[in-house]
Amino acid sequence: MIDPVCNMEINEKSEFKSNYGGKVYFFCSASCKQSFDKKPDKYLKRK
Ligand SMILES: [Zn+2]
């Protein structure tokens, strides 16, 4: 699993996660999750 905000590799057991577009995304920290929740498209298009 890759944190879409900072591109860090993370464990799927991460407690920081969001549902978006029918998929679950995991984050390394609460701040990454918050950034994603504000502008999910920004991070998903950057791939
Ligand atoms: Zn992160």
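It should be emphasised that the depicted structure is a prediction, and the values quoted were computed from it without experimental measurement.

Check the secondary structure of the protein and you find two helices and two strands. Moving toward the C terminus, one meets the helices and strands of the protein in the order β-β-α-α. By principal-axis analysis of the C-alpha atoms, the protein measures approximately 25 × 20 × 15 Å. Taken over 47 residues, the protein has a buried fraction of 19%. A separation of at least 24 residues holds for 26% of the contacts in the protein among residues at least 6 apart in sequence.

In terms of strand pairing, strand β1 (residues 16-20) meets strand β2 (residues 23-27) through five bridges, oriented antiparallel. Within β2, the position partnered with S18 by the bridge is Y25. The turn joining β1 and β2, which pair antiparallel and follow one another in sequence, is formed by two residues; a positive phi near 60° is taken by G21.

By the element assignment, S29 lies in the loop between β2 and α1 (30-38). Distance from S29 to K17, taken between C-alpha atoms, is 9.1 Å for residues 12 residues apart in sequence.

Now for unusual backbone geometry. In the Ramachandran plot, N7 falls in the positive-phi region, its phi being about 65° despite a non-glycine side chain. With respect to the element layout, N7 can be found in the segment before β1. When the 11 C-beta atoms within 10 Å are taken as the criterion, N7 is described as exposed.

This brings us to the environment of F36. Mapped onto the elements, F36 comes out in helix α1. Separated by 19 residues in sequence, F36 and K17 place their C-alpha atoms 9.7 Å apart. Setting aside chain neighbours within four positions, we find F36 in contact with P4, V5, S18, Y25, F27 and Y43.

Rules used throughout
- Along each chain, numbering runs from 1 in the same order as the chain's sequence is written.
- Reporting in this predicted model follows two pLDDT cut-offs: at least 70 for local features of residues, and 80 or more for side-chain atom pairs to be given and counted; totals over whole chains, interfaces and linings ignore these cut-offs and use all residues.
- The secondary structure listing takes helices from DSSP runs of H or I that are at least 4 residues long and strands from runs of E that are at least 2 residues long, numbered from the N terminus.
- Our exposure labels follow a C-beta count within 10 Å of each residue's own C-beta, placed from the backbone: buried means 20 or more other C-beta atoms, exposed means 12 or fewer, and partly exposed covers the counts in between.
- Any two residues are considered in contact once their C-beta atoms, placed from the backbone, lie within 7 Å.
- Strands qualify as paired when DSSP identifies two bridges or more between them.

As far as function goes, none of this settles anything; it's purely spatial.
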